[in-house]
Amino acid sequence: MDNQSHMDAHTERRVVTAVFIDVVGSTDVLVGVGPEVMRRRLGVAFEEMSARIEEYGGTVEKFVGDAIFAIFGAPAAHVDDPQRALRAALACRDWSTEAIAPDRLAIRVGLETGEALVDMSALERRERMAIGAPVNIAARLQQQAEPGEILVGPACHATTATLGAFVPLGTKALKGIGETETWKLVAISSMSLAAEIPLIGRAQERARLINAAEHALGDGQANLAVIVGEPGLGKSRLANEVATGVSAGRPVRVIELRCRPEGEAGANSPLRQLFDAIDLGPSSELPALAHSAGVTPDPELLKVTRFEQRELISEAWRRSLARIATDQPLVLLIEDIHWADPVLVRMVDHLTDDLPSPIFVIATARPEFAESAHVRSLEGRVTIALEPLDEAAAVELARAVRGAVPGLDKAAGNPLFIVELARSQAVASELPLTIQSAIAARLDELAPDDRHLLQHVSVVGESFDVRDAALLDDRETPAIAAMLGRITHLGFLTPVGSRYRFHHALVRDVAYARLPVDKRMALHLRYADHGARPDDIESRAFHLWEAVKPPDAEWVWEDAEALASLRARAFRAQLDAGARLESQNQYERAGTTYANAVQLATDPQQLGLARSEMGRALARQGRGDDAWRERSAALAAYGEAAVDPPAELYADMLELATMNWGYFKSLPSDDEVMRLLADGERVARASGDDVSLARLLAERAAFSGDVSGIEEVVRLAQSDDGVRFADAAHRSAMILLWAGQVRRSANLYSLVFDEFAPRGGRFNEPEALSWYGLAAFLEGDLELATSIAARAAEDADKGRSVHTHSHVIALQALIAFGRGDWPLVEDRWVALAELIARNPDAGFCLLGTATIGYGAVAQIERGEPVTTDIREAVRRLEESERICAASIMLAQVMSGNQNALDDGLAAYESDLGLYDRAAVWDVPWLSPAIAEVMLGRWSDLDAVLARLDECAAGGSRVAEAVASAVREERAASLDSGGDAPVHSLLRGLGYTGLSDLLRFRVSQSSAR
């Protein structure tokens, strides 16, 4: 299905500036003169104003009654189309007020810039060329203008604000459009924003050019310098800086000449500009100079060949300019010499060839000018090839305009693009119109067929091959290869192996944006069906989405049955691509793909499926609130379809609330969680989904604290097909750990990692590693815990979420804390702080707050002041006041705050909700035990020792060793003559840090 009826090769989406000019004085002035005179006078007015519009590069589309409609930007775009439109409007107004008095014809003008659909073939017929918002807004602004006023819309004003003098008029109610910000144009200048920005990153080039100019002017030996570079690299700015630099404080005359593309120069050629700028006086060279400038033909020159004409003209200019330069050194600044005719280029070459005269010619050129046959490579001539700015200079330039710029890499070091991205950073998601205009002007230098080819292959992306181009441009391969060769030679493409890449990503973006929506969608579908490799699931999904995405698909694909079939294909492709991306740990991109599937869903069940998949991708990114919202919407969609949701949806959804609550910023209510747990268990048992049932049983045990359901899960995990229950086994191991059954937890984790993982068992490995590491730490196996932490760190570097990275840091900090490696503890604290600073919107949990507590303890142990407001730091990560207090309890106690112990112990009380339980991480109550010993609260140790003994019975050698050390410390305190505590069990295991902390005492003088 190609939908060829929509593929009009002559229609393009273009950024244009629309201009409506109404002759408002016509009725009053001409009412008594008769229709013939009225027609003649209006004809003169239209002719005069049309000439001014065309002089500035605009196209008069049509005359409508007393009005002229013109556009700038089609059929040829220019870098400065909005500025050209303003200058043309001012020129028309000036003519109307000066040329026809006393029968003066006042005009009113409206202008706006924006994207329009342009029929390029209608130009010669002067039919309706452009349709779009800027046309409508300009027409309405013209109707609102008073006689003599030029009203400008918001987009046009934004792109010309630094050049024009405007009076803000606030908002105007435009019929059919609504409230629109409006400005009145007063004047426009030749200055630009660039002149206010320091020249950055070109110091070496400037110095070299200044040196060449000084030699030419000071030594009296004419010379030429050419600055070569792609558009936007700052050729003109550098040339002007040099001209200004050499003329400052000395009698140097600077003459600027501008070359224009073929068809635009008209009577204002560069040689005419030069002829008008200097007083030649009577001389024998004058006829040849006037002939070259197009002023008057020279009969003598017309008698010789074209080649001889060039030589005679060049020699005439050489003698004349040398004579003028004897009175005042001369700098000729020639812009865009690549557009110059051979006569001018030959004159420049001849002028700067061994002429003893203080003349310096500095020209700007595109890279293709380097191969000009008219300029010789003579000794002493200077060529500066500008390259994109490096990263440091790019950042400096952006800051000079407006501070930090998101997405600066899009500019690829191009100064023009950097400046415009910085100016428009408030709408960073859109490409500034100034950049679009600059690139569009470059594209319009191509032959139409070559330009259309670029537009078509832009559908593929930033790179493509010859086969792709032939497929999308409907041409044979040999013709395509020749066209690509030409386009590459002009610098639009770069060969990369057997493929081609757009020289600049933004060129691809602008070429793509020019395709009308219907043509664009048809090309995407063609590429999805015939261009994308069968195994490239993601590419196929992308192109199918672009082919049928709403809302445009409804009118592009008019056959409802065919559109439904396309949508079904695209929907399935998004789900397949999302799954592939998830398998590659690219959860952000997977989420985007699933979001596409949500928009393509055509019934509630499809919507439920798409939203549940999207919820999973969001959960993997640590975005708990967003994941919960999507899954709640999925449940609602299944409810609308009157079918039970899959039990897996419940298990996935409740995993966050019961196991990963730190992913949330706003937690769901306990009642909602318990209700969904019951619903999920019912659906799982009814459908026979025992895998989801096992997960839900584990989640209920975690949330309620009732571990009785875990036994059913363990039995399933230990069955012959136990690998299916890998995730539930991981969850059960975690819950057993929370319950103090450390050895059972470690053994179950060993089963998960040693048997289930190699057999393809699916479970949340990053999360499981954190809890497995904690189990190994509590078992007393520091070596195993360290290796698990290293494995977790390696896994996190594969694109895991910010939250997962915080878990790894917490595990590393805990191990260092146990060992007493205080510098490493501090290092991990700093790493967490940096992670939080880089991701201020991410969700964190009690593992992060525990790390902050460890860091503060490390600073105190090293005799350093605590450098952070740890109360404020933990509150940034945790909603639970109890968890926050427990996390910093040790550091607060060591600082002399006795009340901190009671505040922290509140998180260890029985019957707490899951979100308030500090014992989830501090399973054997190590922090309360150490804090009570530090404060010498010996009579309050019974509850702490009971928990330590319980965990010791569950296989925690660390709990056993700490309990022994606590009893040693209590005995020594009560019996001053007894043996000093040695903590042999604890130190024998390598937990020197815990031992040192148990020996720390808070002095009564510091306690408060």
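Everything numeric in this text was worked out from a predicted model, so none of it was measured.

Visitor: Explain the overall build of the protein chain here, please?
Guide: Scanning the protein chain for helices and strands turns up 46 helices and 16 strands. Relative to the globule expectation of 30 Å for 1008 residues, the C-alpha radius of gyration of the protein chain, 38 Å, shows a markedly less compact shape. Overall, the protein chain is about 125 × 75 × 60 Å in size when its C-alpha atoms are taken along their principal axes. Counting every position in the protein chain, which comprises 1008 residues, the buried fraction comes to 55%.

Visitor: Which parts of the structure should I look at to understand the packing of helix 33 (residues 765–779) against helix 34 (residues 782–796)?
Guide: The description of two packed helices rests on the angle between their axes and on the distance between the axes. Contact geometry of helix 33 with helix 34 gives a least axis separation of 8 Å together with a crossing angle of 165 degrees. One way to sum up the angle between helix 33 and helix 34 is to call them roughly antiparallel. Judged by the sense of rotation from one axis to the other, the crossing of helix 33 with helix 34 is left-handed. Here Glu765, Pro766, Leu769, Tyr772, Gly773, Ala776 and Phe777 of helix 33 lie close against helix 34, whose contacting residues are Leu782, Leu784, Ala785, Ile788, Arg791, Ala792 and Asp795. Its residues placed into classes, the contact of helix 33 with helix 34 shows 10 nonpolar, one polar and three charged.

Visitor: Explain the sheet that holds strand 16 (residues 499–502) to me, please; I cannot follow it from the model alone.
Guide: Paired through their backbone hydrogen bonds, the strands of a sheet run either parallel or antiparallel. Here three strands make up an open sheet; going across it, the order is 14-16-15 and the pairing antiparallel. Single-partner strands in this sheet number two, and they are strand 14 (463–465) and strand 15 (493–496). For this sheet, the mean inter-axis angle between neighbouring strands, taken without regard to orientation, is 30 degrees. Two elements, strand 14 and strand 16, share three bridges in a ladder whose sense is antiparallel.

Visitor: Help me understand the sheet that holds strand 10 (residues 253–258), please; the structure alone is not making it clear to me.
Guide: The five strands lie next to each other as 10-11-12-9-13, forming an open sheet whose pairing is parallel. At either end of the open sheet lies a strand with only one pairing partner, and these are strand 10 and strand 13 (382–385). The mean inter-strand angle of the sheet, taken between neighbouring strand axes irrespective of direction, is 15 degrees. One ladder, built from four bridges, connects strand 9 (residues 223–228) with strand 13; its direction is parallel.

Visitor: Whenever I open this one, the layout of surface pockets confuses me. Can you help?
Guide: Gaps left between atoms are located by rolling a probe of water-molecule size over the structure's atoms. Of the pockets and cavities examined, the second largest pocket occupies roughly 940 Å³. Residue lining of the second largest pocket: 32 residues in total, with Arg616, Arg620, Arg762, Phe763 and Asn764 positioned closest to the centre. For the lining of the second largest pocket, the elements supplying multiple residues, two or more each, are helix 23 (560–583), helix 25 (604–620), helix 27 (647–659), helix 29 (690–704) and helix 33. Across the lining of the second largest pocket, the residue classes break down as nine nonpolar, nine polar and 14 charged.

Visitor: Just checking my understanding: could you explain empty space enclosed by the protein for this structure?
Guide: One pass over the structure, following the stated rule, counts four cavities of 30 Å³ or more. The space that makes up the largest cavity amounts to roughly 300 Å³. If you go around the largest cavity, you meet 23 residues; those closest to its centre are Ala850, Tyr854, Trp921, Asp922 and Ser927. Every element with two or more residues in the lining of the largest cavity is listed here: helix 33, helix 35 (802–819), helix 37 (846–861), helix 39 (881–887), helix 40 (889–894) and helix 42 (926–935). Taken together, the residues that form the lining of the largest cavity break down as 19 nonpolar, three polar and one charged.

Visitor: Just checking my understanding: could you explain the packing of aromatic side chains for this structure?
Guide: Counting across every chain of the model gives 15 aromatic pairs. Between Tyr908 and Trp925 the ring centres are 5.5 Å apart and the planes differ by 70 degrees, which places this aromatic pair in the edge-to-face class. Of this pair, Tyr908 sits in the loop between helix 41 (899–905) and helix 42 while Trp925 sits in the loop between helix 41 and helix 42, placing them 17 residues apart in sequence. Considered together, Tyr908 and Trp925 belong to a single accessibility category, that of buried residues. Through a chain of ring-to-ring contacts, the aromatic side chains of Tyr749, Phe753, Phe763 and Tyr772 assemble into a single cluster. Lying over the aromatic face of Tyr512, Arg508 brings its terminal NZ or CZ to 4.5 Å of the ring centre. In this arrangement the basic side chain of Arg520 is found over the ring face of Tyr512, its NZ or CZ atom lying 4.7 Å from the centre.

Visitor: Which parts of the structure should I look at to understand the pattern of salt bridges?
Guide: Side chains that carry opposite charge are capable of pairing whenever their charged atoms lie near each other. Per the stated rule, a full pass over the model turns up 67 salt bridges. Note that Arg206 and Glu241 form a salt bridge whose closest N and O atoms lie 3.8 Å from each other. Of this pair, Arg206 sits in helix 6 (residues 203–219) while Glu241 sits in helix 7 (residues 235–247); the two residues are 35 residues apart in sequence, bridging distant segments of the chain. Taking relative accessible area as the criterion, Arg206 reaches 30% and is therefore assigned partly exposed.

Visitor: I tried to follow the pairing of strand 8 (residues 178–188) on my own but got confused; where do I start?
Guide: Along any regular strand the residues' side chains alternate between the sheet's two faces. Where strand 6 (residues 150–152) and strand 8 come together, two bridges link them in antiparallel fashion. Among the inter-strand pairings, Val152 is bridged to a residue of strand 8, identified as Trp183. Turn length for the strand 7 (residues 164–174)-strand 8 hairpin, with the two strands adjacent in sequence and antiparallel, is three residues, and the turn residue Gly176 shows positive phi of about 80 degrees.

Visitor: I'm lost on a nonpolar patch on the surface in this one. Help?
Guide: Taken together, Val167, Leu169 and Val186 make up a surface patch of nonpolar side chains, about 190 Å² in accessible area. In this structure, Val167 sits in strand 7.

Visitor: What is the right way to read the side chain of Ser770 from this model?
Guide: By secondary structure assignment, the location of Ser770 is in helix 33. Judged by relative accessible area, which is 1%, Ser770 ranks as buried. Those residues in contact with Ser770 that sit more than four places away from it in its chain are His807, Leu811 and Trp921.

Visitor: Sorry, what's going on with the packing of helix 16 (residues 448–457) against helix 17 (residues 466–473) here?
Guide: Axis separation between helix 16 and helix 17 bottoms out at 9 Å; the angle between their running directions is 105 degrees. With respect to their mutual orientation, helix 16 and helix 17 come out roughly perpendicular. Residue-level contacts link His452, Leu453, His456 and Val457 of helix 16 to Ala469, Leu472 and Asp473 of helix 17. Looking at the contact of helix 16 with helix 17 residue by residue, the classes come out as four nonpolar, two polar and one charged.

Visitor: When you look at helix 15 (residues 433–443) in this model, what are you seeing that I'm missing?
Guide: Most of helix 15 is tucked away, with 10 of its 11 residues classed as buried. For helix 15, the full list of buried residues reads Thr434, Ile435, Gln436, Ser437, Ala438, Ile439, Ala440, Ala441, Arg442 and Leu443.

Visitor: Which parts of the structure should I look at to understand unusual backbone geometry?
Guide: Most of the time, phi is negative for any residue but glycine, and the peptide bond is trans. With an omega of 5 degrees, the peptide bond running from Ala74 to Pro75 counts as cis. With respect to the element layout, Pro75 can be found in the loop between strand 3 (67–72) and helix 3 (81–98). A cis amide bond links Pro550 to the next residue, Pro551, at an omega of 0 degrees. With respect to the secondary-structure elements, Pro551 resides in the loop between helix 21 (537–548) and helix 22 (553–556).

Visitor: How should the side chain of Asp652 be read in this particular structure?
Guide: Tracing the backbone shows Asp652 in helix 27. Setting aside residues up to four positions removed in sequence, Asp652 forms contacts with Arg631 and Arg695.

Visitor: Honestly, the nonpolar core in this entry has me stumped. Any pointers?
Guide: Soluble globular proteins: nonpolar side chains tend toward being buried together. By size, the foremost hydrophobic cluster in this structure holds 180 residues, and its most contacted members are Trp557, Trp738 and Trp771. It is helix 35 that contributes the most residues to this core, 10 residues altogether. When sequence neighbours within four positions are dropped, the list of residues in contact with Trp771 reads His730, Met734, Leu737, Trp738, Tyr749, Leu847, Val920 and Trp921.

Calculation notes
- Residue positions are given per chain, counting from 1 as you read along its sequence in written order.
- With pLDDT at 70 or above as the cut-off, local features in this predicted model cover only qualifying residues; side-chain atom pairs require 80 or more to be listed or tallied, and sums for whole chains, interfaces and linings still use all residues.
- Neither water nor hydrogens contribute to the side-chain values; these are computed over all heavy atoms in the structure.
- Helix and strand labels come from DSSP, where a helix needs a run of H or I of at least four residues and a strand needs a run of E of at least two; each type is numbered from the N terminus.
- Note that the radius of gyration is over C-alpha atoms, with the globule rule given as 2.2 Å times the number of residues to the power 0.38.
- Relative accessible area decides the class of each residue, using a 1.4 Å probe on protein chains only: under 20% of the type maximum gives buried, over 50% gives exposed, and in between gives partly exposed.
- Axis lines are fitted through C-alpha atoms, for helices just across the contact stretch, and the angle between N-to-C directions can take any value from 0 to 180 degrees.
- Orientation labels follow simple angle bins: below 35 degrees gives roughly parallel, above 145 gives roughly antiparallel, 65 to 115 gives roughly perpendicular, and whatever is left gives oblique.
- Should the near helix be turned anticlockwise from the far one by less than a right angle, the crossing is left-handed, and should it be turned clockwise, the crossing is right-handed.
- Any two residues whose heavy atoms approach within 4.5 Å are treated as being in contact.
- When residue character is reported, Ala, Val, Leu, Ile, Met, Phe, Trp, Tyr, Cys and Pro are called nonpolar, Asp, Glu, Lys and Arg charged, and the others, Gly included, polar.
- DSSP-based pairing: two strands are paired if at least 2 bridges between them are found.
- Definitions used for this entry: grid spacing 1 Å over protein atoms alone; cavity, a set of points where a 1.4 Å probe fits but cannot get out; pocket, an open set with protein on both sides within 12 Å along at least 5 of 7 lines; lining residue, one with an atom within 4 Å of a point.
- Grid points are joined across faces, edges and corners, and a volume is the space filled by probe spheres set on the points.
- When two rings of Phe, Tyr or Trp (its six-membered ring) have centres within 6.5 Å they constitute a pair, described as stacked for plane angles under 30 degrees, edge-to-face for angles over 60, and tilted for the intermediate range.
- The criterion for a charge sitting over a ring is simple: Lys NZ or Arg CZ within 6 Å of the ring centre, and within 35 degrees of the ring normal.
- A carboxyl oxygen of Asp or Glu within 4 Å of a side-chain nitrogen of Lys or Arg is what we treat as a salt bridge.
- Patch membership needs two things, relative accessible area over 30% and no salt bridge, and members are linked within 9 Å if like-charged or within 5 Å if nonpolar (Val, Leu, Ile, Met, Phe, Trp, Tyr).
- Surface accessibility in these figures is a Shrake-Rupley result with a 1.4 Å probe; residues are shielded only by whichever protein chains are displayed.
- We call a set of buried residues a nonpolar core when its members are Ala, Val, Leu, Ile, Met, Phe, Trp, Tyr or Cys and they connect through side-chain atoms within 4.5 Å of each other.

By themselves these figures say nothing about function.
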